[in-house]
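Understanding the architecture of this molecule
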There are 2 protein chains.
Amino acid sequence: MINTSYKAMLGGKSVIRQLSEYATARKAQVGADHVYDFSLGNPSVPTAPEFTEAMLDLYAHDDPVALHGYSPSLGITQVREAVAASLNQRFGMNYTYEHIFMTSGAAGALSHALRAVTKPGDEVVTFAPYFPEYHPYVEGTGAILRVVEPGEHFQINFDALERTLNPNVTAVLINTPNNPSGVVYSDATLTKLAAILSAKQTEYGHDIFLISDEPYREIVFDGQNQPYPSKYYANTLSCYSFSKSLSLPGERIGYVAAHPQCTDALLIAPICGQISRGTGHNCPPSSIQLGVARVLDKTSDLRVYETNMNLLYDALTDIGFSVERPGGTFYIFPKALEADANAFCMKAKDYDLILVPSDSFGCPGYFRMAYCTTTELVERTIPVLRKFAHEQYGL
Amino acid sequence: MINTSYKAMLGGKSVIRQLSEYATARKAQVGADHVYDFSLGNPSVPTAPEFTEAMLDLYAHDDPVALHGYSPSLGITQVREAVAASLNQRFGMNYTYEHIFMTSGAAGALSHALRAVTKPGDEVVTFAPYFPEYHPYVEGTGAILRVVEPGEHFQINFDALERTLNPNVTAVLINTPNNPSGVVYSDATLTKLAAILSAKQTEYGHDIFLISDEPYREIVFDGQNQPYPSKYYANTLSCYSFSKSLSLPGERIGYVAAHPQCTDALLIAPICGQISRGTGHNCPPSSIQLGVARVLDKTSDLRVYETNMNLLYDALTDIGFSVERPGGTFYIFPKALEADANAFCMKAKDYDLILVPSDSFGCPGYFRMAYCTTTELVERTIPVLRKFAHEQYGL
Ligand SMILES: Cc1ncc(COP(=O)(O)O)c(C=O)c1O
Ligand SMILES: Cc1ncc(COP(=O)(O)O)c(C=O)c1O
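Each residue is numbered by its place in its chain's sequence as written, counting from 1. All chains are assigned letters beginning with A, and all ligands numbers beginning with 1, in the order in which they are written. Totals for whole chains, interfaces and linings use all residues, but because this is a predicted model, local features are given only for residues with pLDDT of at least 70 and pairs of side-chain atoms are given and counted only at 80 or more. To get the side-chain values, take all heavy atoms of the structure and skip hydrogens and water.

Naming follows an unreviewed UniProt entry, where chain A appears as Aminotransferase of Galliscardovia ingluviei. Quoted verbatim from the Cofactor (unreviewed entry) field of UniProt, the annotation for chain A is "pyridoxal 5'-phosphate". Among the UniProt annotations of chain A, the heading Sequence similarities (unreviewed entry) holds the following wording: "Belongs to the class-I pyridoxal-phosphate-dependent aminotransferase family." UniProt positions are given in the numbering used here, feature names are shortened, and annotations may be inferred rather than shown by experiment.

Structure (structure tokens):
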């Protein structure tokens, strides 16, 4: 019989998807140029040419039987080695291939990491605003998602965190640079977080794993590097994706990197392998594993995101929006001009401005704009935003 | 904390993998030519050149942003349409894209199909001999796998099936052409199976879905087509993979095709989409979806499997083995020459013959040979098999 719990989930289409479908339909009606669509986090720049070259080379010259053969279930060993070497070089870590588990993007990485270190009934803590898909990732494991209210400048609210932590918490899930806020956790934030989690591990007498969701690791602004969370706390599982940095979201490729000093460090990847046997995921496509392994230190040309961010941030502040300046990603997260972000975004729709209300990010009263678009669209959008804010809210 | 149930599974390395690892080590010792390795079901022929051409064309000429963009979570619509059209043309079905859910190979297809139509505690019936990974696929959903003992010629044992069916059974899992037996279910078998399941649906007052595992659909011998199980029973979910027919096991691509007249036919694909949200699988790689969609009616050059089967079948019968003649796949499943198949295969190892004992297929006393190898290896193996059978068992 049809599984009724999954059937019941069918109503729950994501707000972002709904808006994006509306935008697509609307573009067909009035022309793509007249819809200011900031709904989707789909990279707008092509992948690095080196990736395309690597794939063309693999397809043209490699033995197809080897190229398309079954990958070991934890990932192709030389690919895992290349990932470890690249992380070691960049962040001064000491990963070996045994700490690396290849996944289907960050979604696969998070789902596996969460299952590896929680059991049904455990609590997983995350911080608002957060990526709405954390619900299926966490609840799919049988664990319960607890959300900590936002701190100042969207850093961590440590008082709220301490109130939320309890002995049932076995994992804490962070995302920096953050979708939707664009904020990068500071050195101070990560230092304090590590201290609290270490103390709580001792108090509770069990591990608390830090699951660090890092698909935007490479998209940071002002020439800064973001602090690497694994440097702060040994029980960290770093979850990476090539979706955004190499503009490969459809190819479903990423990894979990287990900190070499975390508890049972050498068991994390094999346990993830057992998990994927049961979910039928198995491993990411072999040719794509081999392709990304050749371009680990390359990215797409990401500069447009910073250009767009600066234009939008300046314009939004100038119009009178209250907004945190993003340190990375391709999102910005201003306060809505009325308490009800849904009502605000509905009004924006009349101007063909497609903005995502913040409620599903666990942080009411804001809206998200995904500026993985052309700069030209951002430039044409600014006067429309201005008109909307003026006509509807007198700014 | 590390999930102890997954940790406990770490010991349980598959017999096939262990043997294959032994074979690889042994080849390094004595030379690849001196090990007669029939352990792994890894296709030995290259993919169809048309697939490679399609991929080279996509990489060379398509807009990389579109090519590598997020696929809709049920699969790219035009790919689903192409799959439906190809099945309709071949089997006289009336699928639309809405019945097709793109997956990571047969593993992904089976795990999703099983989750879609069972709930934890339900029973899923399968038939010995069966693919050992059915355990994680079924048990990963929380359901219980019930195994029906083999019938004559490895067709279905209907008496045993009737004894096993009970109101907790909500799905029946078949695999034809079969791994490990190589046997193709006959028209009579599928007709009778459909009649029994229809009667039991009425008796129990609930659906019993037939999950049809079909990665070897294209590998059939003697110029025959195998009967298409969905033609026999409306509540069928056909689970396909391009791993074997197009020699793409590492690329992780396949689909579930829900029979257009099954219960809730239009909900199966969306429910599979909800399932994949929680497991982090999402969807198969976009470029590979587009690539296979261009070559749906092509296969690798599969003739070597039939050549190898005939050589092996004739030799094994001649030596004195009792063995069913395979109608498809690249497996053959003779009776071992002593009751304990493990002991038999251990002795074979002394001749550097790598044979897989049948216990993990739920059918003690047999062994599997995967002849997805060169014909030259098969030819060199036959005298070794003869020597082994003679020296150890006096044949
Ligand atoms: C914060 C965050 N985590 C995870 C994901 C999932 O990424 P992937 O496409 O690599 O699975 C996304 C995608 O938008 C994201 O924004
Ligand atoms: C009977 C059977 N089912 C399913 C699978 C899994 O296939 P895939 O690689 O497409 O996930 C296999 C692979 O050997 C198989 O033999």
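With that settled, the discussion passes to the UniProt feature "domain: Aminotransferase class I/classII large" (unreviewed entry) in chain A. UniProt's feature table lists "domain: Aminotransferase class I/classII large" (unreviewed entry) at residues 35-381 of chain A, given in the numbering used throughout. Numbering of helices and strands runs from the N terminus, with a helix taken as a DSSP run of H or I at least four residues long and a strand as a DSSP run of E at least two residues long. Between the first and last C-alpha atoms of residues 35-381 of chain A the distance is 9 Å; the span itself is 38% helix and 14% strand.

Turning next to the relation of the copies chain A and chain B. When the copies are overlaid, the least-squares fit takes in C-alpha atoms only where the residue has pLDDT of at least 70 in both copies. Each copy superposes on the other: chain A lies on chain B with an RMSD of 0.0 Å after a rotation of 180 degrees and an axial shift of 0.0 Å. Both copies of the chain, as the preceding transformation shows, are related through a two-fold rotation axis. Mapped onto chain B, 100% of the interface residues of chain A are again interface residues, and the two copies thus contact each other with one and the same surface. Residues count as neighbours in contact if any of their non-hydrogen atoms are within 4.5 Å of one another.

The subject of this paragraph is the domain arrangement of chain A. Residues and elements named next belong to chain A. Taken domain by domain, chain A consists of domain 1 (4-47 + 301-393) and domain 2 (49-293). Throughout, the edges of the domains are those of an automatic or database domain assignment. Relative placement of domain 1 and domain 2: their C-alpha centres are 26 Å apart. Listed by partner, the interface residues are 27 residues for domain 1 and 31 residues for domain 2. Both sides of the domain 1 and domain 2 interface together cover about 2,400 Å² of buried area, and 62% of this is carbon and sulfur. For the domain 1 face of the interface with domain 2, the top three residues by lost area are Thr47, Glu324 and Thr329, together amounting to 27%. What makes a salt bridge here is a side-chain nitrogen of Lys or Arg within 4 Å of a carboxyl oxygen of Asp or Glu, nothing more. Seen at the junction of domain 1 and domain 2, the total is one salt bridge. Of the charged contacts, one joins Asp222 and Arg325 as a salt bridge, the two residues approaching to 3.0 Å between their closest N and O atoms. Under this definition, polar contacts are N or O atom pairs within 3.5 Å; protein pairs additionally need one hydrogen-donor-capable and one acceptor-capable atom, and for neighbouring residues in sequence, both atoms have to be side-chain atoms. Counting across the interface, domain 1 meets domain 2 through 13 residue pairs in polar contact (both at pLDDT 80 or more). Buried surface area refers to the total accessible area, computed with a probe of radius 1.4 Å, that the two partners give up upon joining, counted for both partners together.

This part takes up helix 6 (residues 105-117) of chain A. It helps to recall that an α-helix has 3.6 residues per turn; residues three or four apart then point in one direction. Expected span of a helix, by definition, is 1.5 Å for each gap between consecutive residues, and there is one gap fewer than residues. Taking 1.5 Å of rise per residue, 13 residues should cover 18 Å, and helix 6 of chain A covers 19 Å from first to last C-alpha, within 8% of that figure. The classification of residues rests on relative accessible area computed with a 1.4 Å probe and restricted to protein chains. Under 20% of the type maximum is buried, over 50% is exposed, and intermediate values are partly exposed. Within helix 6 of chain A, 13 of the 13 residues are buried, which leaves the element mostly enclosed by the surrounding structure.

What follows deals with the nonpolar core. Among buried residues, the Ala, Val, Leu, Ile, Met, Phe, Trp, Tyr and Cys ones that are joined through side-chain atoms within 4.5 Å form a nonpolar core. With 58 residues, the main nonpolar core has A:Leu87, A:Ile100, A:Tyr255, B:Leu87, B:Ile100 and B:Tyr255 as its most contacted residues. If sequence neighbours within four positions are ignored, B:Leu87 has contacts with B:Gly92, B:Met93, B:Tyr95, B:Ile100, B:Arg217, B:Tyr228, B:Tyr255 and B:Ala257.

This part is about the site of ligand 1. The nearness test applies per residue and asks whether one of its heavy atoms lies within 4 Å of the molecule or strand. Around ligand 1 there are 15 residues in total, and A:Ala106, A:Asp213, A:Tyr216, A:Ser241 and B:Tyr70 lie nearest to it. One chain alone does not account for the residues near ligand 1; they come from chains A and B. For ligand 1, an oxygen atom lies 2.8 Å from a polar atom in the side chain of A:Ser243. Between A:Lys244 and ligand 1, the recorded distance is 2.8 Å, taken from a side-chain N or O atom to an oxygen atom.

Turning our eyes to something else, we now look at unusual backbone geometry. Cis geometry is adopted by the peptide bond preceding A:Pro180, which originates at A:Asn179 and carries an omega value of 20 degrees. Relative to the assigned elements, A:Pro180 resides in the loop between strand 5 (169-175) and helix 9 (187-204). With a phi close to 55 degrees, B:Arg252 is a non-glycine residue in the positive phi region. Position of B:Arg252 among the secondary structure elements: in the loop between strand 7 (236-241) and strand 8 (254-258). When its relative accessible area of 4% is taken as the criterion, B:Arg252 is described as buried.

On to the interface of chain A and chain B. Many structure descriptions define interface size as the accessible area lost when the parts assemble. Listed per partner, the contact involves 76 residues of chain A and 76 residues of chain B. Here chain A packs against chain B, burying approximately 6,000 Å² in sum over the two surfaces, 59% of which is carbon and sulfur. Considering only the surface of chain A that becomes buried against chain B, A:Met1, A:Tyr59 and A:Tyr70 emerge as the three largest contributors, covering 14% of it. Summed over the shared surface of chain A and chain B, the result is four salt bridges. The salt bridge partner of B:Asp264 is A:Lys7, with a shortest N-O separation of 3.1 Å. At the junction of chain A with chain B, the criterion picks out 22 residue pairs in polar contact (both at pLDDT 80 or more). Of all the elements in the fold, those that place two or more residues in the side of chain A that touches chain B are helix 1 (4-9), helix 3 (49-61), helix 4 (64-67), helix 6, helix 7 (134-139), helix 10 (265-279) and helix 11 (286-293) of chain A. Looking at the side of chain A that touches chain B, the element that brings in the most residues is helix 10 of chain A, giving nine residues. In terms of residue class, the side of chain A that touches chain B is made up of 35 nonpolar, 30 polar and 11 charged. Lys, Arg, Asp and Glu make up the charged group, whereas Ala, Val, Leu, Ile, Met, Phe, Trp, Tyr, Cys and Pro make up the nonpolar group; the residues left over, Gly among them, are polar.

Turning next to the packing of helix 6 (residues 105-117) of chain B against helix 10 (residues 265-279) of chain B. Residue and element names in this part refer to chain B. In this analysis an axis means a line fitted to C-alpha atoms, helices contributing only their contacting stretch, and an angle means the value between N-to-C directions, from 0 to 180 degrees. Remark: helix 6 packs on helix 10, axes separated minimally by 9 Å, with the N-to-C direction vectors making an angle of 110 degrees. Put simply, helix 6 runs roughly perpendicular to helix 10. Along the contact surface, helix 6 presents His112, Ala113, Arg115, Ala116 and Val117, while helix 10 presents Ile268, Ile271, Cys272, Ile275, Ser276 and Thr279. Here the residues of the contact of helix 6 with helix 10 sort into seven nonpolar, three polar and one charged. An angle below 35 degrees is read as roughly parallel, one above 145 as roughly antiparallel, one from 65 to 115 as roughly perpendicular, and any other as oblique.

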